[in-house]
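Each chain, letter by letter, is given below.
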2 protein chains.
Amino acid sequence: MRHYLSRLFLLALLTTACSFGTMAQQTLTSPDGQLTMTFSLTADGTPQYKLDYKDKIVVKPSKLGFELYAPDKDLLDGFAVKSVDRKTYDNTWTPVWGETKTIRNHYNEMAVVLTQGATNRDLTIRFRLFNDGLGFRYEFVRQPNLKEFVIKEERSQFAMNGDITAFWIPGDYDTQEYHYHISKLSEIRGLMKEAITPNAAQQPFSPTGVQTSLLLKSNDGLWINIHEAALVNYACMHLNLDDKNFVFTSWLNPDVQGKKGYIVPPMTSPWRTVMVSDDARDILASKMILNLNEPCKIKDTSWIKPMKYMGVWWEMITGKSTWSYTDDSGLKIGVTDYSKEKPNGRHGATTANVKRYIDFASAAGMDGVLVEGWNIGWEDWFGHFKDNVFDFVTPYPDFDVKEIHRYAASKGIKMIMHHETSGSTRNYERRMDKAYQFMVDNGYPAVKSGYVGHILPRGETHYSQWLVNHYLYAVKKAAEYKLCVNAHEAVRPTGLCRTYPNLIGNESARGTEYEAFGGNNPNHTTILPFTRLKGGPMDYTPGIFNTKLTFLKGEHSYVHTTLCKQLGLYLTMYSPLQMAADLPENYEKYMDAFQFIKDVAVDWDDSKYLEAEPGQYITIARLAKGTQNWFVGGITGDDARTTTLKLDFLTPGQKYIATIYKDGKDADYRTKPDSYVIKKGYVTSKSKIKVYEAPSGGFGMSIMAVKDKAALKGLHRLK
Amino acid sequence: MRHYLSRLFLLALLTTACSFGTMAQQTLTSPDGQLTMTFSLTADGTPQYKLDYKDKIVVKPSKLGFELYAPDKDLLDGFAVKSVDRKTYDNTWTPVWGETKTIRNHYNEMAVVLTQGATNRDLTIRFRLFNDGLGFRYEFVRQPNLKEFVIKEERSQFAMNGDITAFWIPGDYDTQEYHYHISKLSEIRGLMKEAITPNAAQQPFSPTGVQTSLLLKSNDGLWINIHEAALVNYACMHLNLDDKNFVFTSWLNPDVQGKKGYIVPPMTSPWRTVMVSDDARDILASKMILNLNEPCKIKDTSWIKPMKYMGVWWEMITGKSTWSYTDDSGLKIGVTDYSKEKPNGRHGATTANVKRYIDFASAAGMDGVLVEGWNIGWEDWFGHFKDNVFDFVTPYPDFDVKEIHRYAASKGIKMIMHHETSGSTRNYERRMDKAYQFMVDNGYPAVKSGYVGHILPRGETHYSQWLVNHYLYAVKKAAEYKLCVNAHEAVRPTGLCRTYPNLIGNESARGTEYEAFGGNNPNHTTILPFTRLKGGPMDYTPGIFNTKLTFLKGEHSYVHTTLCKQLGLYLTMYSPLQMAADLPENYEKYMDAFQFIKDVAVDWDDSKYLEAEPGQYITIARLAKGTQNWFVGGITGDDARTTTLKLDFLTPGQKYIATIYKDGKDADYRTKPDSYVIKKGYVTSKSKIKVYEAPSGGFGMSIMAVKDKAALKGLHRLK
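Cut-offs and rules
Residues numbered from 1 in each chain as written. Chains lettered and ligands numbered in written order. Predicted model: local features only at pLDDT ≥ 70, side-chain atom pairs only at ≥ 80, totals over all residues. Heavy atoms only, no water. Helix = DSSP H or I, 4+ residues; strand = E, 2+ residues; numbered from the N terminus. Rg over C-alpha atoms; globule rule 2.2 N^0.38 Å. Buried < 20%, exposed > 50% of the residue type's maximum accessible area, 1.4 Å probe, protein only. Contact = heavy atoms within 4.5 Å. Areas by Shrake-Rupley, 256 points an atom, 1.4 Å probe, with all protein chains shown as cover. Polar contact = N/O pair within 3.5 Å; in protein donor to acceptor, adjacent residues only side chain to side chain. Least-squares fit on C-alpha atoms with pLDDT ≥ 70 in both. Pairing = 2+ DSSP bridges. Buried area = accessible area lost by both parts, 1.4 Å probe. Salt bridge = Lys/Arg side-chain N within 4 Å of Asp/Glu carboxyl O.

Draft legend 1. Quick peek at the overall build of chain A. Within chain A, the secondary structure is distributed over 13 helices and 36 strands. Against the globule reference of 27 Å for 719 residues, chain A gives a C-alpha radius of gyration of 26 Å, in line with a compact fold. Overall size of chain A, expressed as C-alpha extent along the three principal axes, is 75 × 70 × 50 Å. Going through the 719 residues of chain A one by one, you find that 65% of them count as buried. At a minimum sequence separation of 6, the contacts of chain A that also span at least 24 residues come to 72%. Roughly 25,000 Å² of accessible area belongs to chain A as shown, and the carbon and sulfur atoms make up 51% of that amount.

Below, the structure is given as structure tokens:
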């Protein structure tokens, strides 16, 4: 303790010393004046920053810099401030799709140019302070003494104000598909082992390593989110915690040789972001990460369309059918003539079955149908680092691409392609042009891509610079073909969908599929919107109505939500791509509740974050694009609650017909998930609606503006 | 020693024991009965083979098998013979280009199917015995207990008959660009350090590691060559020597993680080859490696043309001009607008300079002109594992692609593209389609590709399975565009040019460029045809007339050959792609000697290997395709010699006009390289021509069939 105190004392001394320099300390405030960022140099010339919000500490003094591989010297200390460039920016832009019609991008900026005297190298750190948080990045200018270099580690610190609370998943080079743990920082180490649940490919790196986007709650009530924006040609940033001092330090995802970044200036790092508010709803509402990304680089975006879709998928997940055409695991691309093989009789992606989905989706007014297991190779696709599993263009004999194209088009349904890469990125890149052209030729405007298992090139992991580069390559090339991408198992998003809005979805977290792999925690989806979703939309695939999974046993034999929570997710888990994930025959049992899925929009002019307590509940209202119709969704975690919704966001004087789909009084996700009540009535901006939400329950509500008052006939005010 | 003897004794015992099994020993003889291969199992069920030639030992009992990574057990011992399948094959095929019009493929084959009882796995070893040597390969059939596996090491032994002589270069994962050493096997270890001369990328692996194709001479006069054929999706085989027992064992080129092969049965290994003869000329003549490759897979080969070419290249190598357009190493693709940059005034690939080469090449009746440094990116292309250096489609501002296309076409010249990949294989694969299409659009039927420096994906080396896969991918894709490939720094060839004859050249050895980097040994090119060239043609780039390199000092300030040896190389270094590597202005000083380069053919109906002593001299006569004209070339190593050529390969009764270009009496590569004599006369099949060849000297001779006897007027018989 004495040692610790004396260190603190020394730090105080140094900080004081620094402040005497003319340019060595620089302050930046947010446009609303609530946030203050202070940049300074320590006595040995180490850059550091701190962040305060309304006189509360968000980030204590935290160092910045890089360890480099020889022959390049570290960019850690020995710096002097060469110049400081400030500006204010305020602009409003229109996303191609999103939660709101327009987005305001308003910040104060400070670019600090540092010079390291001993090596005669400049390093720029650019800070942008928004009302909702801080972004900073490193900029490497081409200069005689800083050409190509290799990063040993980025040393960006985020020093927390004591032993605060984190909503965390284990840091891992290969997967984000973990449960969240809510704990004090000091408890992370003790919980890590149980937190690391098995996955097809996983590589945790530290007993105190966690992933971003990371949600934190300070002991004085601040909500803090640490993440990154605009991850381009750079390794994914994880965080490693010094759990004595409660300091997170960036931990870049290494390549196969342990190297963490190959930099050829001119180049910039991604933005490191710290969102902050004393109201959790502001974290949901923040568009800072999108704002830190570059404007849209696709000129004609008319072909990019949000979609509500069904898919031949959950029936394979739940074991009703198979991805593969046969049961013979000895079949191989280029060797096997599938037309001569014996089908197993349980193949999901048959022409007839796909037509069944098309019929149902079309009747429900949906946009698309996804089909997995349509292409040859599934007999032996998984594991063992196989280089050349799928060709992405050859259907199984019982999947008639042309006929399905014709049929889908006749029903107004767009087909969604599936490209499981089996982690083999070279194989995918080699075949990508033909695969995308095949999609164009057969009426598939969007692709769900997957990266299950270990990555090739072998030894690389899912979040290294090499892979980060690959994922964006796929998105950019897809844009050349006017195709949208929904990449699963890729690196978690960082707002790149602003720049490339054809990136309409990602997985990058534990999605609905885990409900069939043992279940998601009831609080899971009350955390994701504060973490995973800050980088971009998630293809969470809600809409499971038949929540009993009879093929599983005990506490795993059911989806860990009520039916109505599945409805609420369409609002709380924002995505321009929303699946109705269950089987047609399951929806047919609950067509009254399915009406909500039919009605709910997937693109919005406005969003109101009505209630939010991470880990406990979220309620969001959204205004459907180009209409006066609102949809409201709410979900809970482990505990039931009753809430009163104020509809004061509605247009005063306007009347609406509202239909609410909510948990029954006896609803319970374990025993009675499908107990629900549907009530219909009219509402106005003065309405207050009382809603009961069961444990892991929720509700969905449609609020349709009335044009013809006759429609109100016989309806009562909804309460 | 006692220990050693007792081991031998044990081996003898075991071998005897084995021979009692019914199928445990199997003998295979070559069609002419001169070669005998014996397969057997040791007492512990280890497969082994031995090879004899005319009662001399070629390969002593040598084990075969694989070490595998867990969970798969090794495929080394515990085998029993399940079945033996024998057949005889005799067929003659016609190469698209080559040294002879047709090639006879004649062998006796034996496929031994082994079963490893403990693991219930089968392994097939297929042997093919030709008159000129042995080929064998491993075949992995898909089976329940042998699915995907990873090779720790292939354990194919080549046990030599004592401390014999090797013509070797150091084993290396990244380069073959080494001098040859001629030494006893026991001397390799002591010479290794001096043998490893520096290179841009190199990774030797063992003090007794050597590369194939390896030439050996037994102490009882046998010439032996160990190499491989049909290297497809498998790591390059190096050899590691046990220099106590003189046993070479295969040493596969590892990947970045040290793993040596990812196998997904059904699959076969490449062929391991042992050529043998008591006459070195038979090694030159052997077509065994081509015969072990699959027949041509390109249906229409009409677009594949041998070429004689010049190039804007040697002037950069010798420092007269530069590849780059500017001297600013800070320029970068995607960031730099070259039209705004200041040219350095020494750029080689200018439109005007290229036209100068086109004019000269066209006047000389050549086929093509290569241009290096035509595309942006050369300012900072080298080293540091840069991912994205070249785009392969953007010319420097002073290189007018369209105008050069027009001008070359008007002069009957085909342009040869240059693609330096800077080792970045992903970048090249991503841009390959556009790059090849650009070639098609601009009249470039062939590409010289390069892989200088370290490989990307980082940590991979030039000869790993990943890279081997890449090189063939490039060749196959080029074939889709009807383009020929001449790949430098790629893995050394293994006869794949039979299957893909658009692979018209490779470097994969120390070529002429090294004459400007310190010089090649005088004996270098007297060894290459016995080693490097057995796998396929080499773009050695002969034809340097101005052998004085004034920019270099001392013993390095000259090419280590006489001018006439440069002529001889056109015959002794077989290639369908032959460069006249020197500058037009240098040829203009020696237009009488240049006549031979103008005349010499690049494709042949027949070849006669007249004289050959590895390390000392080679003389070859070849019949130009579709004509009655012969060309003869000879070269020497360090020592001068006088030889008498018997022209008994000429058609009896036919008269020919012969022109010989030979070293002058005072020719010396160090002091008087351009002393030469040109003599012209008539010859017949009875002619004997006496030729003096200086140290590192040689000669070229054209022998043109006379159709009109008037042409003989005034000519004397050449002697």
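Draft legend 2. Representation of the side chain of His462(B). All names here are of chain B. Relative to the assigned elements, His 462 resides in the loop between β25 (446–450) and α9 (465–480). At a separation of 3.4 Å, a polar atom in the side chain of His 462 contacts the main-chain carbonyl oxygen of Gly 453. Apart from residues lying up to four places away in sequence, His 462 is in contact with Tyr 173, Asp 174, Ala 201, Tyr 451, Gly 453, Ile 455, Leu 467, Tyr 471, Glu 489 and Val 491.

Draft legend 3. Here's a closer look at the environment of Asp44(A). All names here are of chain A. Looking at the secondary structure, you find Asp 44 in the loop between β2 (35–41) and β3 (47–53). Spatially, the C-alpha atom of Asp 44 lies 25 Å from that of Leu 134, the residues being 90 residues apart in sequence. Among the polar contacts listed, one links the side chain of Asp 44 to the side chain of Thr 46, at a separation of 2.7 Å.

Draft legend 4. Fine view of the relation of the copies chain B and chain A. Between chain B and chain A, which share one sequence, the superposing operator has a rotation angle of 180° and an axial displacement of 0.0 Å; the RMSD is 0.0 Å. Viewed as a symmetry operation, the transformation between the two copies matches a two-fold axis. Same-surface contact between copies: 100% of interface residues of chain B are shared with the interface of chain A.

Draft legend 5. Quick peek at the pairing of strand β4 (residues 56–63) of chain B. All names here are of chain B. When strand β3 (residues 47–53) meets β4, the two strands line up antiparallel, connected through five bridges. Residue pairing across strands places Tyr 53 opposite Lys 56, the latter belonging to β4. Adjacent in sequence and paired antiparallel, β3 and β4 are bridged by two residues, among which Lys 54 carries a positive phi angle near 50°.

Draft legend 6. Structural detail: the interface of chain B and chain A. With 33 residues of chain B at the contact, the number on the chain A side is 33 residues. Here chain B and chain A share an interface that buries about 3,200 Å² over both sides, 51% of which is from carbon and sulfur atoms. When the buried area of chain B at its contact with chain A is split by residue, Arg430(B), Arg458(B) and Trp466(B) rank highest and sum to 23% of it. Between the two partners, chain B and chain A, sit six salt bridges. The partner of Glu429(A) in a salt bridge is Arg430(B), and the shortest N-O contact between them spans 2.7 Å. Joining chain B to chain A, the criterion identifies 20 residue pairs in polar contact (both at pLDDT 80 or more). Those elements that place two or more of their residues in the side of chain B that touches chain A are α8 (425–441) and α9 of chain B.

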